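Residues per chain are reported as follows:
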Amino acid sequence: MEFFKNETRIDFMGIRRYTGIFTIVLGLAAFGILITKGLNFGLDFTGGTQIEARFSKATSPSEVRSQLEKEGFHGVRVQQFGSTQDILIRLGNEGKQEANTEQKASARIKNALLKHDQDMEIRRTEFVGSEVGAQLVEQGGVAVLISILATMMYIAFRFEYRLAVSAAVGLSHDALIILGVFSLFGFEFDLATLASVLAVLGYSLNDTIVVFDRVRENFRKVRKNTPTEIMNLSINQTLSRTLMTSWMTLLVVLALLFFGGENLFGFSMAFFVGILMGTFSSIYVSGALALWMGLSRADLLPKPKSEIEGP
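Just so you know, these numbers come straight off a predicted model, no measurement behind them.

Conventions used here
- Residue indices follow the written sequence of each chain, beginning from 1 at its first position.
- Residues qualify for local features only when their pLDDT is at least 70, as the model is predicted, and side-chain atom pairs are given and counted only at 80 or more; totals for whole chains, interfaces and linings, by contrast, use all residues.
- Side-chain calculation: all heavy atoms of the structure are included, whereas hydrogens and water are not.
- One speaks of a salt bridge when a side-chain nitrogen belonging to Lys or Arg is within 4 Å of a carboxyl oxygen belonging to Asp or Glu.
- The way it works is that DSSP assigns letters per residue, a run of H or I at least four long becomes a helix, a run of E at least two long becomes a strand, and they are numbered from the N terminus.
- Note on exposure labels: buried denotes an accessible area under 20% of the residue type's maximum, exposed denotes more than 50%, and partly exposed covers the range between, all computed with a 1.4 Å probe on protein chains only.
- Within the patch definition used here, like charges are joined within 9 Å and nonpolar side chains (Val, Leu, Ile, Met, Phe, Trp, Tyr) within 5 Å, considering only residues with over 30% relative accessible area and no salt bridge.
- For the area figures, the Shrake-Rupley method with a 1.4 Å probe applies, and any residue is considered shielded solely by the protein chains shown.
- Lines fitted to C-alpha atoms define the axes here, with helix axes fitted over just the stretch in contact, and angles between the N-to-C directions of these axes take values from 0 to 180 degrees.
- Here is the rule for angles: anything less than 35 degrees is roughly parallel, anything more than 145 is roughly antiparallel, 65 through 115 is roughly perpendicular, and the remaining ranges are oblique.
- The sense of a crossing depends on the near helix, which, turned anticlockwise from the far helix by less than a right angle, makes the crossing left-handed and, turned clockwise, makes it right-handed.
- Note on definitions: a residue-residue contact is assigned when non-hydrogen atoms from the two residues lie within 4.5 Å.
- In the scheme used here, Gly and all other residues not listed as nonpolar or charged are polar, with Ala, Val, Leu, Ile, Met, Phe, Trp, Tyr, Cys and Pro taken as nonpolar and Asp, Glu, Lys and Arg as charged.

**Observations regarding the pattern of salt bridges**
Should their charged atoms come close, side chains of opposite charge can pair.
Here is step 1 of the chain: Taken as a whole, this structure holds 9 salt bridges when the rule is applied.
Here is step 2 of the chain: Ionic pairing is found between Arg54 and Asp86, a salt bridge with its closest N-O pair at 2.7 Å. Of this pair, Arg54 sits in strand 2 (residues 48–54) while Asp86 sits in strand 4 (residues 83–92), and the two are 32 residues apart along the sequence.
Here is step 3 of the chain: Ionic pairing is found between Arg90 and Glu188, a salt bridge with its closest N-O pair at 3.1 Å. Of this pair, Arg90 sits in strand 4 while Glu188 sits in strand 6 (residues 188–189), placing them 98 residues apart in sequence.
Here is step 4 of the chain: We classify Arg90 as buried; its relative accessible area is 16%.

**Quick word on a nonpolar patch on the surface**
Here is step 1 of the chain: Together, Trp247, Met248, Leu251 and Val252 make up a nonpolar patch on the protein surface, roughly 410 Å² of accessible area in all.
Here is step 2 of the chain: Mapped onto the elements, Trp247 comes out in helix 8 (residues 227–259).
Here is step 3 of the chain: Looking at Trp247, the relative accessible area reads 47%, which means it is partly exposed.

**Thoughts on the packing of helix 6 (residues 161–185) against helix 9 (residues 265–284)**
The relative placement of two packed helices comes down to the angle between their axes together with the axis-to-axis distance.
Here is step 1 of the chain: Helix 9 packs onto helix 6 with a crossing angle of 140° between their chain directions and a minimal axis gap of 9 Å. Looking at the two axes, helix 6 sits oblique to helix 9. Here the hand of the crossing between helix 6 and helix 9 comes out right-handed. Facing helix 6, whose interface residues are Gly170, His173, Asp174, Ile177, Ile178, Val181 and Phe182, helix 9 presents Gly266, Met269, Ala270, Val273, Gly274, Met277, Gly278, Phe280 and Ser281.
Here is step 2 of the chain: Its residues placed into classes, the contact of helix 6 with helix 9 shows 9 nonpolar, 6 polar and 1 charged.

In structure tokens form, the structure reads like this:
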């Protein structure tokens, strides 16, 4: 399947200096926002209490939130969970007010909900300690770092170290922009969002590998072109595949973003930003950086047999 009937001849690398400046500015801005504002970590990372309640009739989150605020619970996150009768309540450690333990906070919330609906039923209660949350933050960061390092090792083994470094920079750029967006708008960052970031790294890597594989193939087939021309040719040859994959994935992600509810908002938003930036970085970050580092035909062509065997 092809998105374009005829092969395109877009000079992507012709504007790589401008896109390079844009990438650096965007990355620095995201880093600055992340450092100054930080992330709005969810209950998975901060610790706290999560309660799933079922009411006897349809109940809106705003009604439940108002009832809890009357009882002194401010900053409680209330959302629909499944049907209109199911409500999910999240209470961070900082929102326990006078309660000294998770059990006391849970009991107070239950009493407050019973005043709203005497037939209300607590279906599930979970407690996440602050130490566990801190460990999850650390382990999440390590997971992202390991995935990028493993990617570098794989690409260096399969292709060449310049491509490995440029791919790792592209993946780091994607993750940084996602974190910057979440920090700027204050979106909640939970385990589902972290999973989405890791999925985006795999998605972006797949795009980059497809382009790099075509670059290596064209270096062997097209002997007279310069490395810049080879990179342009390879990106144009894989452009239909890149756009079709991105577009179809975006359709699914947009459906989750608008119709998936609050539970899937962080996951789908991170994936939405990641797809856009992953497509951009596979062309203008990974490809352009490889050329800037001096990628040449000799780096990807197989070595002569005499050179391998030695004198």
